[in-house]
Structure formats: structure tokens, C-alpha cells
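Coordinate inspection notes
The chain contents come next:
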Amino acid sequence: METLSRAFTKNGTETEYCSAPTLADKQTQWRKYMPRALLTGCNSKFGSVLAIELQKTYDVEIVPRSCISSILEYELLNYEYDFVFFNHNKPVTNWVFDRFPTDTLKRIKPKCVGWMISGEAKHMGAGTTHKSYLQPYIAQKAIYISQMRFFERHFRTFCYDPGILLKEHYLATARDVISKIDMPGSGEIYTSSVGSGLYLS
């Protein structure tokens, strides 16, 4: 789209040209005043659908998968964010748990923060699967719940259990996550009304 220009005249002589903003300029200016969101784990599958849906109302920044091992490897674009959502699934090796959320939250000033968890993490102890290979994953998700409750005193927080997340449920689940941003209260654990839950026995 070409930039439109018009001439200004003074005493009948053209003095300068004023460029009208192009559509791209207007979009840039519009996004400048949009609320900001910081997302992780949103490069593919459900996460990419969440990012696309959120971009309708937020200026979205996605942390690359390669930087999930350490926030110090990524240069944040902003300091203040209206919404932060930790959707990544970092493998637990030798019972060393994910520090990315806590290290990130020490560097920024968010208004609302969410963590993606699993149903199993909500039921540590009774009713939790005894399958050994799942224990590090479940423990990590349970730690996210504790992180959410710890940071509740600083800003609004919540956890989200998507249940069994099937491809046909991606869009409805993404919209459900976004609907929790402005919910009253803090420290809540929401369960998807779309997924059927994940309780492995």
C-alpha cells in the first residue's frame, strides 16, 4: 500500500510534504496501545492457537523454545506485561525442576500470570498414578501450582488444567484460558469445561 502525500503551500509555494500513515503504520500505532502478553510454549499445537487467538486483543511476545532453559538467554522486549502465561513443558532431568517461571517473574512486572498444569498435579497423594515415569512430570506441574500460590501476593495468578487436550478442542480451550484473565479473585485453579480431565491410574 503506497504512502499518500499532500503538499502544504505558503504564499502559493509548496513548502513540504506530509505523509499520511499507511495501513501498516496504523497497525503499529494500534498495537502500541494494546495490552501486552508474554507467552511460552506457544510455537506449535495448542500453544500456537492460543497465541493467534490472543493476538486479536493483545500485543503478543512469544519466548523461543530454545530459550526456555534460561530466561537469561532471552532479551525481553518489555518490563511490564498485562498477561503472562507459562504453557511450556520443560522435561525434568535428575529431579532438577524448571526455574524459568520464577526467574522470569523476578525480571518483569506483570498484572496477571497463569500456568498450564495437569489434573494429576491437583491430586498429589491419594488418587495419583504410581507410574514411575510420570512422577517427574506430575511433580513439576505441582510445583507450578505452588509457584502460582507464592506469587499470588504480588499479582493476580491462576493455574489451568486443560484435561485431555485434543486438537478439535484447541480453539475452545484457548478462548477459555483467555476468559480467565479478567476473572475476579486470585490463586484459582481452573479446569477446562472442554477437556475430559487427565487422571492416570
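What you are looking at is a predicted structure, and each value in this text was computed from that prediction instead of being measured.

To continue, consider the overall build of the chain. Of the regular secondary structure elements, the chain holds five helices and eight strands. Listed by position from the N terminus, the elements making up the chain come as β-β-α-β-α-β-β-α-β-α-β-α-β. For the chain, restricting intrachain contacts to residue pairs at least 6 apart in sequence, the fraction spanning at least 24 positions comes to 64%.

We now examine the sheet that holds strand β3 (residues 36-40). Whether parallel or antiparallel, the strands of a sheet pair through hydrogen bonds between backbone atoms. Pairing in this open sheet of six strands is parallel, and the strands run β4-β3-β5-β6-β7-β8 from one edge to the other. Edge positions in the sheet fall to β4 (59-62) and β8 (188-191), since each has one partner strand and no second. Taking the axes of each pair of neighbouring strands and ignoring which way they run, one obtains an average angle of 20° across the sheet. In this structure, strand β6 (residues 109-116) lies alongside strand β7 (residues 156-161), joined through five bridges in parallel fashion.

This paragraph deals with helix α5 (residues 170-179). Turning to α5, its buried residues are Y170, T173, A174, D176, V177 and I178. Buried residues along α5 sit in contact with α2 (45-54), β5 (80-86) and β7.

Right, let's talk about the layout of surface pockets for a bit. By rolling a water-sized probe across the atoms, one finds the places where empty space is left. Roughly 540 Å³ of volume is contained in the largest pocket. The set of elements that each furnish at least two residues to the lining of the largest pocket consists of α2 and α4 (135-151). With three residues, α2 is the single largest residue contributor to the lining of the largest pocket. Its residues assigned to classes, the lining of the largest pocket comprises 10 nonpolar, 10 polar and five charged.

What counts and what doesn't
- Residues numbered from 1 in each chain as written.
- Predicted model: local features only at pLDDT ≥ 70, side-chain atom pairs only at ≥ 80, totals over all residues.
- Heavy atoms only, no water.
- Helix = DSSP H or I, 4+ residues; strand = E, 2+ residues; numbered from the N terminus.
- Contact = heavy atoms within 4.5 Å.
- Pairing = 2+ DSSP bridges.
- Axes fitted to C-alpha atoms, helices over the stretch in contact; angles between N-to-C directions.
- Buried < 20%, exposed > 50% of the residue type's maximum accessible area, 1.4 Å probe, protein only.
- 1 Å grid on protein atoms, 1.4 Å probe; cavity = no way out; pocket = protein on both sides within 12 Å on 5 of 7 lines; lining within 4 Å.
- Points joined across faces, edges and corners; volume = space filled by probe spheres on them.
- Nonpolar A, V, L, I, M, F, W, Y, C, P; charged D, E, K, R; others polar.

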